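# Observations on the three-dimensional arrangement
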Amino acid sequence: MLLKTKKAHEMAQAAELRGAKNLITDAIRRGDTMRKLTTLITLAVMICLASAPALAHKDHEKPLIQIAILLDTSNSMDGLIQQAKSQLWKIVNEFVMAKRNGVRPEIQVALYEYGNDSLPSKEGYIRQVLGFTSDLDKVSEKLFALTTNGGSEYCGQVIKTAQRQLDWSGANNDLKVMIIAGNEPFRQGPVDYRDSCKAAINKGIIINTIHCGPYDEGVSGGWQDGARLADGTYIHIDQDRAVAHIQAPQDDEIMRLGAKLNDTYIPYGRKGGEASARQATQDSNAASVAPGSMVNRAVFKSTAGYSNTEWDLGDAVAQGTVDLAKVDDDALPEELKGKSKKDKEEYVAKKVDERKKIQEKIAKLNKDRRDYVEKEETKMAAESGGETFDSALIKSVRTQAAEKSFTFE
């Protein structure tokens, strides 16, 4: 039905353009006055301008998945923050493998904290930690910097704030999701959650709620109702439950190759040194927080979703965002300063080729690893202690992505 509607719309646009052209042709044949002819030409231009954005959108549209994570950082939520830290790379790996019409989507993540008494009371104890970004090293960095304190959790207000502050896509077929996790009643605070949830879904933003506590307590506290109002899913988790990691035979080699990938990056410009250091720090953070986190991070670094055009010459040149010949020597790393254009191109091409080969090795290993882990997870399913942050988020958003015509490998 969607394809038929889209086709009909395009046919109608083409008919409008033909009609405008015919009006002008007929007017010229009749010898109409210049004033009348000018009016008809103006009308034709207006029709063309009205049609152009839709046609351009069709040609250049790239699928987009936007996920805003709203985390309760009150005193009781240390376990939730720990789960989010340890499972970030597992979560994004699920969505970087999605496709729509054969095209990989851009993944954007935003992060809010709420319910922390160290935040300004006049803003509802809410803070935008990070707006929508595709730089998931930044997301990891901000997650690891979160601390818990106090507890005045205003779910309705943080939903309203995230809806208004973030740069949400205006395209109906992009997936726009909020994930809000916490443990206090959903109805707390000066903003009615029912108004916030309805306003969000009116803009195509789905709200999934994750209650950190018993199922019935979340239902009576309004968490289920909040999800229902915004076409989302209500899930309850034990935030203090340790996330099980299945050790696969491929893990050690994937981690080794993931660390080796860093040597293929070529920092440049004002952001280069800082971003390169962030990359290494997030490797260390992933390795420290949970056994599987570093494996999942290494896998993500091997995908097209891990793009660093703003600070890495390899990605920037490969994706055509930088002309190597026009980069000032002062912005280049020491090994490229004073080199000829040919030497610079050869150096960058060599690093890109090395990276590609490593990424291909990781992808092959990960295919075997996923097969192994899926079999082990099936065995463990009967003994499961319930949902965790990652499994809850992945399950709900995958279902909603499928409704937007995304498929998963």
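Residues numbered from 1 in each chain as written. Predicted model: local features only at pLDDT ≥ 70, side-chain atom pairs only at ≥ 80, totals over all residues. Heavy atoms only, no water.

As a packed pair, helix 3 (residues 78-96) and helix 4 (residues 136-145) sit with axes 9 Å apart at the nearest point and diverge in direction by 170 degrees. By the angle between their axes, helix 3 is roughly antiparallel relative to helix 4. Every pair of crossing elements has a handedness; the one defined by helix 3 and helix 4 is left-handed. Residues I81, A84, K85, L88, W89 and V92 of helix 3 pack against L136, D137, V139, S140, L143 and F144 of helix 4. Of the residues belonging to the contact of helix 3 with helix 4, the class tally is nine nonpolar, one polar and two charged. (Axes fitted to C-alpha atoms, helices over the stretch in contact; angles between N-to-C directions. Helix = DSSP H or I, 4+ residues; strand = E, 2+ residues; numbered from the N terminus. Parallel < 35°, antiparallel > 145°, perpendicular 65-115°, else oblique. Left-handed = near helix turned anticlockwise from the far one by under 90°. Contact = heavy atoms within 4.5 Å. Nonpolar A, V, L, I, M, F, W, Y, C, P; charged D, E, K, R; others polar.)

What follows covers helix 10 (residues 269-289). The terminal C-alpha atoms of helix 10 lie 31 Å apart, and with 21 residues this matches the ideal 30 Å at 1.5 Å per residue to within 8%. Buried within helix 10 we find G272, A275, R278, Q279, Q282, D283, N285, A286 and V289. Packed against the buried residues of helix 10 are helix 3, helix 4 and helix 11 (293-301). (Expected span 1.5 Å × (residues − 1). Buried < 20%, exposed > 50% of the residue type's maximum accessible area, 1.4 Å probe, protein only.)

Let us now look at the sheet that holds strand 1 (residues 64-72). Strand order in the open sheet made by the six strands is 4-3-1-5-6-7, with mixed pairing throughout. Edge positions in the sheet fall to strand 4 (126-133) and strand 7 (234-237), since each has one partner strand and no second. Each adjacent strand pair in this sheet contributes to an overall mean axis angle of 15 degrees, direction not counted. Here strand 3 (residues 106-114) runs beside strand 4; their pairing, made up of five bridges, is antiparallel. (Pairing = 2+ DSSP bridges.)

Within the secondary structure layout, T73 lies in the loop between strand 1 and helix 3. Residue contacts for T73: discarding those within four places in its chain leaves I81, E113, Y114, G115, N116, L146, T147, T148 and N149.

Here we come to the nonpolar core. Among the nonpolar cores identified, the biggest contains 46 residues, and L71, L80, F95, L111, L175, F389 and V397 are the most heavily contacted of them. In terms of residues, this core owes the most to one element, helix 3, which gives nine residues. L70, C155, W223 and A230 belong to the second largest nonpolar core, which has 26 residues in total. (Core = buried A, V, L, I, M, F, W, Y, C linked by side-chain atoms within 4.5 Å.)

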